[in-house]
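Residue-level structure breakdown
What follows is the residue order along each chain.
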Amino acid sequence: VITRPEMEIGRYHWMYRSSRPHRYHHVPALRGNISPLGIQGCFECCIKCLGGVPYASLVATILCFSGVALFCGCGHVALTGTVSILEQHFSTTVSDHALLSEVIQLMQYVIYGIASFFFLYGIILLAEGFYTTSAVKELHGEFKTTACGRCISGMFVFLTYVLGVAWLGVFGFSAVPVFMFYNIWSTCEVIKSLQTNVTVPGDQICVDIRQYGIIPWNAVPGKACGPILENICNTNEFYMSYHLFIVACAGAGATVIALIHFLMILSSNWAYLKDASKMQAYQDIKAKEEQELQDIQSRSKEQLNSYT
């Protein structure tokens, strides 16, 4: 039985007798959605790109940006409200809180620097995550690690560790104003609860800011008692500053968690790069030995042919 392909071949030779017979090679079947030109489909390209995304670094970067933004933004506004409360209710003389105002202004400038630095540092760590992920998974062809790249990864590990320890101190420092405002707020709640009790007058319950050391002992009035303290707690400055300090403390805690997350990611990537460099050295030695073996075999064949 003559099949249709054989008939087409016979027809081709009958029409073009002068042409040479062609050799037909077996064409392997195409798998997946790969085109005949060897170009991958859209789905494979998307899967390959998604496989190269460092999701752990991406989550850590988002958490770091969110924590730094909350700490810097809320902290800046809360410090401004704190100065306003001190000037209006606890220190009417400008010279008494002049040093505190300068310190708060300096802290606000430091906040600007922290926000700018961590915005840049987070982008660098995310780029380093893309770099090491592509290196480990070999998504872009053959990848060769260098001593400089491993040194940079190790430097990021050390710098992130130092920043994490520093942010632990920032987190503890940001809890101090929260503790102070909580004491004032709880005292106001006690005064409100004692309004129905005539035996204990609310005027005897006071809050002395001078005991915290933020203003000198000769500051006037330095303390607030009874209804005056209750009115302070009902002001918008106190309400906003108290809650903003809480959010700023939470942002500092989120930044600490993000830096710990970054530290784990960078340590893992550095270990992967170190193993990749060892594997690269092994493959280079193996390729060199195979090349030498092929050279020896070719020389031996040449000598055998010359003898024969």
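These numbers were taken from a predicted model, which means no experiment stands behind them.

Things to note about the overall build of the chain
- Per the secondary structure count, the chain includes seven helices and two strands.
- Across the chain, the fraction of contacts at a sequence separation of at least 24, relative to all contacts at a separation of at least 6, is 79%.

A short note on the environment of Q211
- If you trace the backbone, Q211 turns up in the loop between β1 (206-208) and β2 (223-225).
- With twelve residues separating them in the primary sequence, Q211 and K223 have C-alpha atoms 9.5 Å apart.
- Engagement of the side chain of Q211 in a polar contact is seen with the backbone oxygen of D208, the distance being 3.3 Å.

Focus on the UniProt feature "transmembrane region" (unreviewed entry) in the chain
- The UniProt record annotates "transmembrane region" (unreviewed entry) at residues 58-86, 106-131, 152-176 and 244-266.
- With 100% helix and 0% strand, residues 152-176 has its two end C-alpha atoms placed 37 Å apart.
- Helix makes up 100% of residues 244-266 and strand 0%, with an end-to-end C-alpha separation of 32 Å.

Focus on the layout of surface pockets
- Space inside the largest pocket adds up to approximately 820 Å³.
- In terms of lining, the largest pocket is formed by 36 residues, of which the most central are L79, M107, F173, P177 and F245.
- With nine residues, the single largest contributor to the lining of the largest pocket is helix α4 (residues 98-137).
- Residues belonging to the lining of the largest pocket are distributed by class as follows: 31 nonpolar, four polar and one charged.

A few points about the nonpolar core
- Counting residues in each nonpolar core, the largest one holds 50 residues, and the members touching the most others are F90, F118, W167, I184, I209 and L229.
- Looking at this core, the elements with two or more residues in it are α3 (55-90), α4, α5 (147-193), α6 (226-233) and α7 (236-307).
- Apart from residues no more than four positions distant in its own chain, F90 is found in contact with I85, V207, I209, I215, A219, V220, P221, G222, K223, A224 and I232.

Some details on the packing of aromatic side chains
- On inspection of all chains with the given rule, the structure shows 14 aromatic pairs.
- Ring centres 6.0 Å apart and planes at 75° place the aromatic pair Y109 and Y112 in the edge-to-face group. Taken together, the residues Y109 and Y112, both in helix α4 and three residues apart, mark about one turn of the helix.

Some details on α6
- Every buried residue belonging to α6 is among G226, L229, E230, I232 and C233, and all of these are buried. An end-on view of α6 places all buried positions within 155° of arc, on one side of the element.

Remarks on the pattern of salt bridges
- Using the criterion set out here, one finds two salt bridges in the structure.
- Notably, a salt bridge pairs K192 with E189, separated by 3.9 Å at the nearest N-O pair. Of this pair, K192 and E189 both sit in helix α5, three residues apart, which is roughly one turn of the helix.
- D208 serves as the salt-bridge partner of R210, at 3.0 Å between the closest nitrogen and oxygen. With respect to class, R210 is no different from D208; both count as buried.

Considering the state of the cysteines
- Evaluated as defined, the whole model comprises two disulfides.
- Across the disulfide, C188 is cross-linked to C233 (sulfur-sulfur distance 1.8 Å). A torsion of 60° about the S-S bond marks the disulfide between C188 and C233 as right-handed. Of this pair, C188 sits in helix α5 while C233 sits in helix α6, and the two are 45 residues apart along the sequence.
- Cysteines bonded in the chain are numbered consecutively along the chain; their disulfide partners then correspond to 1-4, 2-3.

Comments concerning a nonpolar patch on the surface
- Nonpolar side chains collect at one region of the surface, where F158, Y161, V162 and V165 lie side by side and expose about 410 Å² of accessible area between them.
- Among the secondary structure elements, Y161 is positioned in helix α5.

Reading guide: rules and limits
Residues numbered from 1 in each chain as written. Predicted model: local features only at pLDDT ≥ 70, side-chain atom pairs only at ≥ 80, totals over all residues. Heavy atoms only, no water. Helix = DSSP H or I, 4+ residues; strand = E, 2+ residues; numbered from the N terminus. Contact = heavy atoms within 4.5 Å. Polar contact = N/O pair within 3.5 Å; in protein donor to acceptor, adjacent residues only side chain to side chain. UniProt positions renumbered as here; feature names shortened; annotations may be inferred. 1 Å grid on protein atoms, 1.4 Å probe; cavity = no way out; pocket = protein on both sides within 12 Å on 5 of 7 lines; lining within 4 Å. Points joined across faces, edges and corners; volume = space filled by probe spheres on them. Nonpolar A, V, L, I, M, F, W, Y, C, P; charged D, E, K, R; others polar. Core = buried A, V, L, I, M, F, W, Y, C linked by side-chain atoms within 4.5 Å. Buried < 20%, exposed > 50% of the residue type's maximum accessible area, 1.4 Å probe, protein only. Phe/Tyr/Trp six-rings, centres within 6.5 Å; stacked < 30°, edge-to-face > 60°. Arc of directions from axis to C-beta. Salt bridge = Lys/Arg side-chain N within 4 Å of Asp/Glu carboxyl O. Disulfide = S-S within 2.5 Å. Patch = residues over 30% accessible without salt bridge, like charges linked within 9 Å, V, L, I, M, F, W, Y side chains within 5 Å. Areas by Shrake-Rupley, 256 points an atom, 1.4 Å probe, with all protein chains shown as cover.

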